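# Observations on chain architecture
Chain residues, written in single-letter form:
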Amino acid sequence: MKTIKVMISDDHCMVREGLKQLLEIDGDIEVVGEAGDGVTCLNMMKTYKPEVLLLDINMPQMNGLNVLKTLKKHKCPSKILMLTIHNEIEYLEKAIELGVDGYVLKDSDSAILKKAIASVYRGERFIQNELVPSLMEKLDNKDRTINIEDEDQILTRREIEVLKLLTEGLFNKEIAYQLSISEKTVKNHVSNIFKKIGVSDRTQAAVYAIKNNLVTLF
């Protein structure tokens, strides 16, 4: 099995050292770099090019969400897994909106973390099970449900494809390239999707996709 190259970005040295020992014990993960703040993390990503970045939210100079936003903006190929103490749903929603590949809490056991790393490395999205009910509850409270008995509300196969890619954090131009359609067509699909499922932004659309099992959860 190929060794997964991982970088850790966390402002606590002991956390980084502990994670390194924990992850490397089985030999299937190699920690190639460690960063103690957001700016250093961005600089080191250019040098080490890890396959998976473990990213904390609370960091000096630049927080993890801004690091995530910057990396996605520059189309960083590394998978990004948030490892944080924050179980508030707002942080998860924002991370999903920015295109995070996975979200795990720091109080999880090592098996969950390793599973999350392996999952995002394979191109799957990983959201810790304990967080999913809160996502669903928030969506329900906003009355963001779809009436599948109404034919006008049913998503077409192409709209589902667009929604899946949107949930993965891809921009319209990237979706257009993957589906071999024009960017204008993608914009029309996104607009139709929003109307059909009763949402107003990409975060809500991503939550809808999760709720309706259009992306993989573990």
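Note that this is a predicted model, so its numbers are computed, not measured.

This part covers the sheet that holds strand β5 (residues 102–105). Across the sheet, six strands lie side by side as β2-β1-β3-β4-β5-β6; this open sheet has parallel pairing. The open sheet has two edge strands with one neighbour each: β2 (29–35) and β6 (126–127). The pairing of strand β4 (residues 79–84) with β5 spans four bridges and is classified as parallel. If you follow leucine 83 over to β5, its bridge partner there is valine 104. Across the face of the sheet, helix α5 (residues 110–121) comes into contact with β1 (4–9), β2, β3 (52–55), β4, β5 and β6 while running at roughly 160 degrees to β4.

Turning to the side chain of serine 78, a few remarks are in order. Note on placement: serine 78 falls in the loop between α3 (64–73) and β4. Exposure remark for serine 78: the relative accessible area of 5% places this residue in the buried category. A polar side-chain atom of serine 78 sits 2.5 Å from the main-chain carbonyl oxygen of proline 50. Excluding residues that lie within four positions of it along the chain, serine 78 makes contacts with Met45, Lys49, Pro50, Glu51 and Asp101.

Bringing the UniProt feature "modified residue: 4-aspartylphosphate" (unreviewed entry) in the protein into the picture now. Under the UniProt annotation, "modified residue: 4-aspartylphosphate" (unreviewed entry) lies at Asp56. Locating aspartate 56 in the fold gives a position in the loop between β3 and α3.

The subject of this paragraph is the packing of helix α8 (residues 172–179) against helix α9 (residues 183–197). One way to put it is that α8 packs onto α9 with a least axis distance of 8 Å and a crossing angle of 110 degrees. Overall, the two elements α8 and α9 adopt an arrangement that is roughly perpendicular. Between α8 and α9, the residues in contact are Asn172, Lys173, Ile175 and Ala176 and Glu183, Val186, Lys187 and Val190, respectively. Looking at the contact of α8 with α9 residue by residue, the class counts come to four nonpolar, one polar and three charged.

What follows deals with the pattern of salt bridges. For the coordinates displayed, the defined rule picks out twelve salt bridges. Salt-bridge contacts for lysine 5 lead to glutamate 30; the nearest nitrogen and oxygen are separated by 3.1 Å. Taken as a pair, lysine 5 in strand β1 and glutamate 30 in strand β2 lie far apart in primary sequence, 25 residues in all. Judged by relative accessible area, which is 34%, glutamate 30 ranks as partly exposed. Each of the salt bridges in this network shares a partner with another, and the network as a whole consists of Asp10, Asp56 and Lys106.

Covalent bonding between the sulfur atoms of two cysteines defines a disulfide. Enumeration over the complete set of coordinates arrives at zero disulfides. Here cysteine 41 stays unpaired: no disulfide links it, and the sulfur of cysteine 76, its closest cysteine neighbor, is 8.9 Å away.

Turning our attention to the environment of serine 119. Looking at the secondary structure, you find serine 119 in helix α5. Along the sequence, serine 119 and lysine 79 sit 40 residues apart, while their C-alpha atoms lie 9.9 Å from each other. Reaching out from serine 119, the side chain makes a polar contact with the backbone oxygen of lysine 115 at a distance of 2.8 Å.

Each value, and the rule that gives it
- Residues numbered from 1 in each chain as written.
- Predicted model: local features only at pLDDT ≥ 70, side-chain atom pairs only at ≥ 80, totals over all residues.
- Heavy atoms only, no water.
- Pairing = 2+ DSSP bridges.
- Helix = DSSP H or I, 4+ residues; strand = E, 2+ residues; numbered from the N terminus.
- Contact = heavy atoms within 4.5 Å.
- Axes fitted to C-alpha atoms, helices over the stretch in contact; angles between N-to-C directions.
- Buried < 20%, exposed > 50% of the residue type's maximum accessible area, 1.4 Å probe, protein only.
- Polar contact = N/O pair within 3.5 Å; in protein donor to acceptor, adjacent residues only side chain to side chain.
- UniProt positions renumbered as here; feature names shortened; annotations may be inferred.
- Parallel < 35°, antiparallel > 145°, perpendicular 65-115°, else oblique.
- Nonpolar A, V, L, I, M, F, W, Y, C, P; charged D, E, K, R; others polar.
- Salt bridge = Lys/Arg side-chain N within 4 Å of Asp/Glu carboxyl O.
- Disulfide = S-S within 2.5 Å.

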